[in-house]
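One letter stands for each residue in the lines below.
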Amino acid sequence: MNAVVATSVFAAFMVATVALGLLALRGRGGGGGLAEWSVGGRSLGPVFIWVLMAGEGYTSFSYLGAAGWGYNYGAPVLYVVAYMSCGYAIGYVVGPMLWSYARRHGLVGITDMVAHRFGRPWLGAVVAVLATVFLLPYIQLQITGMGVVLSTVSYGTVSLNWAYFAAFAVTTGFVVVSGLRGSAWVSVLKDVLVIATLGFLALYVPLHYFDGYGAFLDRLVAEKGDWLTFPGHGGDGSGLGELWFISTTFLNSLTVVIFPTTVAGYLGARNADALRRNAMYLPAYNVLLFVPMLLGLAALFVVPGLAGAESNLALFKLVVDSLPAWAVGVIGVAAALSSIVPMAVFMLVIGTMWGRSVLSLLPRFAERQKSAAQIVVVVAGSLALLLTYTAPNTLVRLSLISYEGMAQLLPMVLLALVWRRLTFRGAFSGLVVGVAAVCALVFSGNDPVGGVNAGLVALAANLAVALAVTFAGGRDADPRPDAEVLARDPVEEEKGEKGEKEESEVLLRADPGPSGHRV
């Protein structure tokens, strides 16, 4: 009976999720073109941008991984709160700059930006392939996360294989139809449930199992002190000490602002001011991340002995046996939507990159970019689902270098947009060296390097090579003016546009019309 109740609640919310995706299309004339589908027609206001970007950053890791890391290591898991908060501060400047650049030139993603900046359409295709390699693991991990949640809240009656398929089917269904706008609408439902369920669990677990926070924290300090200091449980052998924390926070906070899914959120905004407000409000959402981290620590006493992948179920094992089935179902829905929203954005971004920068190079698809992108969404999701069944460890290993690999695009995307002197040869050489270095370090087991995040070491090599090749070679023969290839300060740009508008109005008032009267 518990399984029936919890699964029914879960299924009802999944139907509501697809319905919201369809509702997002009302008045949109069948969904519009690629820009409407991929970046919401650049018309999303501050509320939708806030919930969308919060949803993209708040994944199933927040329910499963954060609790699991808290359970296994303790303090090092706080790097998530640190890098996301720092990333929002950097995004205050970078977000409006990328939004303005894309809007001015009609671009819909980082592959477009790179291709436009260096005047080489094929370069956008190369970046699209590379970014797909680093994004695909996230789709697989979200499928796995939602599958584990569904199987757990159904009390084991739904097998993992069917749960994985349900995750793929629901997400693919609404993202193909409704695009970024549908993801934003579903994010509203997700955020309501996430805030409600985590707020409830933050009160329920300490009171139910420990008679309050005081007793829980006292016991934690007395019995599990290792979990509260760096490098956390496992000691220096874990490699998660202070240097790792600082270097990972620094690298990830820079990388998150050019992550293709983050940029999709930027480009969906109605104006640059919505992004600035968003950057100020989003850190408040990070407060919620402390809840699963604390619950992971609480699980050390309630369900001790979890090992390996089982530790990711620490939070759910706290509630499955003590809460009524309907409550378990609602908590499961919140966790599942925390998989669906980011997974949808990942799939949408991969589809957009390929539809715009790869398949559009073929005459057959040049005029059908949206259709091509939607086909790629289904293919990418199907590939992630297939590998989830057949070779899960392949993508799990790739996920180790996802952020560190994506960081190697920083010089080509950010530095190139503000510094005209950076040449194509320099940027491309640095990218090759950076990606090769991060793969070599990670897959040889040398991450971190002397306590420092391997991605940061690779980025330093990337930047050194990019600068050396740039200064050693001649300037790129690009006749376009700086205003065409560089990103302008959006604040100054807005002031300039406002000044031009006021000057135009003054001239109109001063100019006599055909009849001799002033207009």
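Structure: above.
Attention in this report is confined to the structure presented alongside it. The structure presented is a predicted model; accordingly, all values stated were derived computationally and were not measured. (Residues numbered from 1 in each chain as written. Predicted model: local features only at pLDDT ≥ 70, side-chain atom pairs only at ≥ 80, totals over all residues. Heavy atoms only, no water.)

## Concerning the overall build of the chain
Alright, step 1. Along its length, the chain carries 23 helices and zero strands.
Alright, step 2. Considering only residue pairs separated by 6 or more positions, the chain has 83% of its internal contacts joining residues 24 or more positions apart.
Alright, step 3. Put simply, the chain shows about 20800 Å² of open surface, and 66% of that area lies on carbon and sulfur atoms. (Helix = DSSP H or I, 4+ residues; strand = E, 2+ residues; numbered from the N terminus. Contact = heavy atoms within 4.5 Å. Areas by Shrake-Rupley, 256 points an atom, 1.4 Å probe, with all protein chains shown as cover.)

## Notes on the packing of helix H1 (residues 2–23) against helix H8 (residues 160–210)
Alright, step 1. One can describe the packing of H1 onto H8 by two numbers: an axis separation of 7 Å at closest approach and a directional angle of 115°. Here H8 runs roughly perpendicular to H1, going by the angle between their axes. Here H1 and H8 pass one another in a crossing that is right-handed. Only Val170, Phe174, Val177, Ser178, Gly182, Trp185, Val186, Leu189 and Leu193 of H8 make contact with H1, whose side of the interface consists of Phe13, Met14, Thr17, Val18, Leu20, Gly21, Leu22 and Leu23.
Alright, step 2. Across the contact of H1 with H8, the residue classes tally to 13 nonpolar, four polar and no charged. (Axes fitted to C-alpha atoms, helices over the stretch in contact; angles between N-to-C directions. Parallel < 35°, antiparallel > 145°, perpendicular 65-115°, else oblique. Left-handed = near helix turned anticlockwise from the far one by under 90°. Nonpolar A, V, L, I, M, F, W, Y, C, P; charged D, E, K, R; others polar.)

## Describing the nonpolar core
Alright, step 1. Of all hydrophobic cores here, the largest spans 150 residues; its most connected members are Met14, Leu98, Ile139, Phe316 and Leu409.
Alright, step 2. Here the element with the most residues in this core is helix H15 (residues 325–358); it accounts for 20 residues.
Alright, step 3. Residues within four places of Phe316 in sequence aside, it is in contact with Leu64, Val149, Thr152, Val153, Ile331, Gly332 and Ala335. (Core = buried A, V, L, I, M, F, W, Y, C linked by side-chain atoms within 4.5 Å. Buried < 20%, exposed > 50% of the residue type's maximum accessible area, 1.4 Å probe, protein only.)

## Describing the environment of Phe10
Alright, step 1. Residue placement: Phe10 occurs in helix H1.
Alright, step 2. Overall, Phe10 belongs to the buried group, its relative accessible area being 4%.
Alright, step 3. Separated by 323 residues in the primary sequence, Phe10 and Val333 have C-alpha atoms spaced 5.7 Å apart.
Alright, step 4. Apart from the residues within four sequence positions on either side, Phe10 is in contact with Met146, Leu150, Val153, Gly332, Val333 and Ala336.

## Some points on the pattern of salt bridges
Side-chain pairs of opposite charge can arise whenever the charged atoms involved come near each other.
Alright, step 1. Under the defined criterion, the tally for this structure stands at six salt bridges.
Alright, step 2. Close ionic contact of Glu223 with Arg219 constitutes a salt bridge, the shortest N to O distance being 3.2 Å. On the criterion of helical spacing, the pair formed by Glu223 and Arg219 is a turn pair, its members being four residues apart in helix H9 (residues 213–223).
Alright, step 3. Among the ionic pairs, Arg480 bridges to Asp478, the shortest N-O distance being 2.8 Å.
Alright, step 4. Here Asp478 falls in the partly exposed class, since its relative accessible area comes to 22%. (Salt bridge = Lys/Arg side-chain N within 4 Å of Asp/Glu carboxyl O.)

## Remarks on the packing of H15 against helix H16 (residues 369–390)
Alright, step 1. The contact between H15 and H16 brings their axes to 7 Å, and the two run at 130°. If you check the angle between H15 and H16, you find them oblique. The chirality of how H15 crosses H16 is right-handed. Contacts from Met347, Leu348, Ile350, Gly351, Thr352, Trp354, Gly355 and Arg356 of H15 reach H16 at Gln369, Ala372, Ala373, Val376, Val377, Ala380 and Gly381.
Alright, step 2. When its residues are assigned to classes, the contact of H15 with H16 shows nine nonpolar, five polar and one charged.

## Here's the deal with the side chain of Ser402
Alright, step 1. Inspection of the secondary structure assignment puts Ser402 in helix H18 (residues 402–406).
Alright, step 2. A polar side-chain atom of Ser402 sits 3.1 Å from the main-chain carbonyl oxygen of Phe134.
Alright, step 3. Filtering out sequence-adjacent residues up to four positions away, Ser402 remains in contact with Phe134, Pro137 and Tyr138. (Polar contact = N/O pair within 3.5 Å; in protein donor to acceptor, adjacent residues only side chain to side chain.)

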